[in-house]
Amino acid sequence: MQPRDLSQHEEYVAGRGIEEVARELGRDPAEFVKLASNENPLGPSPAAVGAIRESADDVHHYPKAVHADLVAALAERWDVSHEQIWLANGGDGVLDYLGRAMLDPGDAVLVPDPGFAYYGMSARFHHGQVNTYPVEEADDFDLSPANVFETYDGERIVYLTSPHNPTGSRFALEHVATIAERTDDETLVVVDEAYGEFTDGPSAIGLLDERDDVAVIRTFSKAYGIAGLRLGYGVVPKSWADAYAKVNTPFAASAVACAAGLAALEDGDHVEETTDLVRWAREYMYEHLEAPTYESHGNFVLVEVGDAGEVSETLKRRGVIVRDCSSFGLPEHVRITCGTREETRRAVSELNEVLAE
Ligand code: PMP
């Protein structure tokens, strides 16, 4: 017996870790720096690590079903009601829940191309059809309602990533509002703000005051530095008060993750240190890379390098792991995560040398 044929699904390339790459090349892991998965170069907040240790003795118990403390903190942070916060196993888990909440078999969703692969995958798990809208290199990957309405055809969900992965561009808030306004009443606009802490633009969560056709995704994997714990949340329309209980996996987020998430949320200094570093690293890359870069609102920079497969392979052998964007349909681009100052300088100088060869 075989599971059902999922061959139509795109591959979600999560990127291999340093250990795996070092083993493949027969080298010492200490020689490598990984700037391929948009992780936090400063690591987790020390407060989150403390909370993980404290919660360790209690892990023989199931987590609290509601995680009231974390939900209350998030509801206060965004000035929404507790029922509007959907905790999940990362932003990816939120995407699954939104799919469960919205999609009947055969319903279509509209996703950006290039864009984050899991939108399409999670829709197909729910037997959804996946249509795309273009994000054009010729327009510097600019994002506006024109992109979406080039192909929009009444899909049940429209995904907007802002800041966008892998380009770093973003939708202005008024553009998100326009898209929600112009799409059908039965279309949910999902704004994925996984990289929201790295932009100075306002969150689309503010739109939920007035609208019930927008949901926003946020994660603790990036600015909060706890990707390994898998914690994210959705902020959903006010009118969806009872929906979470109908779609969530029992105990949707672990007790350890929620304890760490609450501590990380309260450690504003760590987030600020992270976002300051990211701003520095972006500027450093724009200024010092001898290849075209794109202005980024995320914790990464997209760089045009020619043959992305070859360049990323050569860089890897030099100890710098970046993301080859061929899998996004951008075979001439790599995406470099903002590292520490030392890591970022090393990546830039190695890439400049590779490009000069
Ligand atoms: N959205 C985007 C655009 C992402 O790039 C990612 C992860 N790289 C996610 C969502 C999901 O992140 P997580 O599940 O770790 O919260």
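Remember, it's a predicted structure, so these values are computed and weren't measured experimentally.

Cut-offs applied
By convention here, each chain's residues receive numbers from 1 onward along its written sequence. Residues qualify for local features only when their pLDDT is at least 70, as the model is predicted, and side-chain atom pairs are given and counted only at 80 or more; totals for whole chains, interfaces and linings, by contrast, use all residues. The term nonpolar core refers to a set of buried Ala, Val, Leu, Ile, Met, Phe, Trp, Tyr and Cys residues connected through C-beta atoms within 7 Å. Buried residues are those with 20 or more other C-beta atoms within 10 Å of their own C-beta, exposed residues have 12 or fewer, and partly exposed residues lie in between; C-beta atoms are placed from the backbone. Secondary structure counts use DSSP, requiring at least four H or I residues in a row for a helix and at least two E residues in a row for a strand, with both numbered from the N terminus. The source of the domain bounds is an automatic or database domain assignment. Think of it this way: build a C-beta for each residue from its backbone, and any pair within 7 Å is a contact. Here the expected span of a helix is defined as 1.5 Å times the quantity of residues minus one. In this description, strands pair whenever DSSP reports at least two bridges between them. Working convention: axes come from line fits to C-alpha atoms, limited for helices to the stretch in contact. Angles between N-to-C directions cover 0 to 180 degrees. UniProt positions are given in the numbering used here, feature names are shortened, and annotations may be inferred rather than shown by experiment. Near, for a residue, is defined by distance from a backbone-placed C-beta atom to a molecule or strand, with 6 Å as the limit that must not be exceeded. Ten residues, namely Ala, Val, Leu, Ile, Met, Phe, Trp, Tyr, Cys and Pro, are considered nonpolar, four, namely Asp, Glu, Lys and Arg, are considered charged, and the remaining ones, Gly among them, are considered polar. In these notes the angle categories are as follows: under 35 degrees is roughly parallel, over 145 is roughly antiparallel, 65 to 115 is roughly perpendicular, and the rest is oblique. Note on convention: the crossing is left-handed when the near helix lies turned anticlockwise from the far helix by less than a right angle, right-handed when the turn is clockwise.

## Looking at the nonpolar core
By size, the foremost hydrophobic cluster in this structure holds 102 residues, and its most contacted members are Val189 and Ala260. No other element matches helix H9 (residues 255-266), which puts 8 residues into this core. Built from parts of two domains, this core gets at least three residues from each of domain 1 (18-44 + 269-356) and domain 2 (60-266). Those residues in contact with Ala260 that sit more than four places away from it in its chain are Ala48, Ala51, Ile52, Ile226 and Leu229.

## Observations concerning helix H4 (residues 90-102)
The end-to-end C-alpha separation of H4 is 19 Å, in line with the 18 Å expected for 13 residues at 1.5 Å each. Extensive coverage of H4 is indicated by the burial of 12 of its 13 residues. Every buried residue of H4 is listed here: Gly90, Gly91, Asp92, Gly93, Val94, Leu95, Asp96, Tyr97, Leu98, Gly99, Ala101 and Met102.

## Section: the sheet that holds strand S11 (residues 333-337)
Strands sit in the order S1-S10-S11-S9 across an open sheet of 4 strands; the sheet is mixed. Of all the strands in the sheet, just strand S1 (33-35) and strand S9 (300-304) have a single pairing partner and so form its edges. Across this sheet, the average inter-strand angle for adjacent strands is 35°, counted without regard to direction. Pairing of S1 with strand S10 (residues 320-324) involves 3 bridges; the strand directions are parallel. By the bridge assignment for S10, Leu35 is matched with Val322. Sheet strands in contact with helix H12 (residues 341-356) are S1, S10 and S11, and its direction is about 85° off that of S1.

## Let's talk about the UniProt feature "domain: Aminotransferase class I/classII large" (unreviewed entry) in the protein
As recorded in UniProt, the feature "domain: Aminotransferase class I/classII large" (unreviewed entry) lies at residues 31-350. Between the first and last C-alpha atoms of residues 31-350 the distance is 13 Å; the span itself is 36% helix and 17% strand.

## Some words on the site of the ligand
The local shell around the ligand holds 13 residues, among which Gly90, Gly91, Asp92, Thr219 and Ser221 are the closest. For the shell around the ligand, the leading source of residues is H4, giving 3 residues. Residue composition of the shell around the ligand, grouped by class: 3 nonpolar, 8 polar and 2 charged.

## Let's talk about the environment of Ala36
Looking at where Ala36 falls in the secondary structure, it is placed in the loop between S1 and helix H2 (46-56). Ala36 gets classed as buried once you count the C-beta atoms within 10 Å, which come to 25. Spatially, the C-alpha atom of Ala36 lies 29 Å from that of His175, the residues being 139 residues apart in sequence.

## What about the domain arrangement of the protein?
Domain annotation for the protein reports domain 1 (18-44 + 269-356) and domain 2 (60-266). Taking the mean C-alpha position of each, domain 1 and domain 2 sit 26 Å from one another. Of the residues lining the interface, 24 residues belong to domain 1; the matching set on domain 2 comes to 21 residues. Residue assignment for the side of domain 1 that touches domain 2 shows that the elements contributing at least two residues are helix H10 (268-288) and S9. Tallying contributions element by element places H10 first for the side of domain 1 that touches domain 2, with 4 residues. In terms of residue class, the side of domain 1 that touches domain 2 is made up of 11 nonpolar, 10 polar and 3 charged.

## Thoughts on the UniProt feature "modified residue: N6-(pyridoxal phosphate)lysine" (unreviewed entry) in the protein
In the UniProt entry, the feature "modified residue: N6-(pyridoxal phosphate)lysine" (unreviewed entry) is given for Lys222. Mapped onto the secondary structure, Lys222 falls in the loop between strand S7 (214-219) and strand S8 (232-235).

## Side note on unusual backbone geometry
Of the consecutive residues Ser162 and Pro163, the connecting peptide bond is found in the cis state with omega at 0°. Position of Pro163 among the secondary structure elements: in the loop between strand S5 (157-161) and helix H7 (173-182). Here the bond from Asn165 into Pro166 is cis, since omega is 15°, no more than 30 degrees from zero. Mapped onto the fold, Pro166 is located in the loop between S5 and H7. Despite not being glycine, Asp140 has its phi angle at roughly 55°, a positive value. Secondary-structure assignment places Asp140 in the loop between strand S4 (129-134) and helix H6 (145-149). Look at Asp140 and you get exposed, because 11 C-beta atoms sit within 10 Å. Residue Arg230 is not a glycine yet carries a positive backbone phi of 60°.

## Focus: the packing of helix H3 (residues 68-78) against H9
Running from amino to carboxyl end, H3 crosses H9 at an angle of 30°, the nearest separation of the two axes being 9 Å. Here H9 runs roughly parallel to H3, going by the angle between their axes. When the axes of H3 and H9 are compared, the crossing they make is left-handed. Here Asp69, Leu70 and Ala73 of H3 come into contact with H9, specifically with Cys258, Gly261, Leu262 and Leu265. A breakdown of the residues in the contact of H3 with H9 according to their chemical character gives 5 nonpolar, 1 polar and 1 charged.

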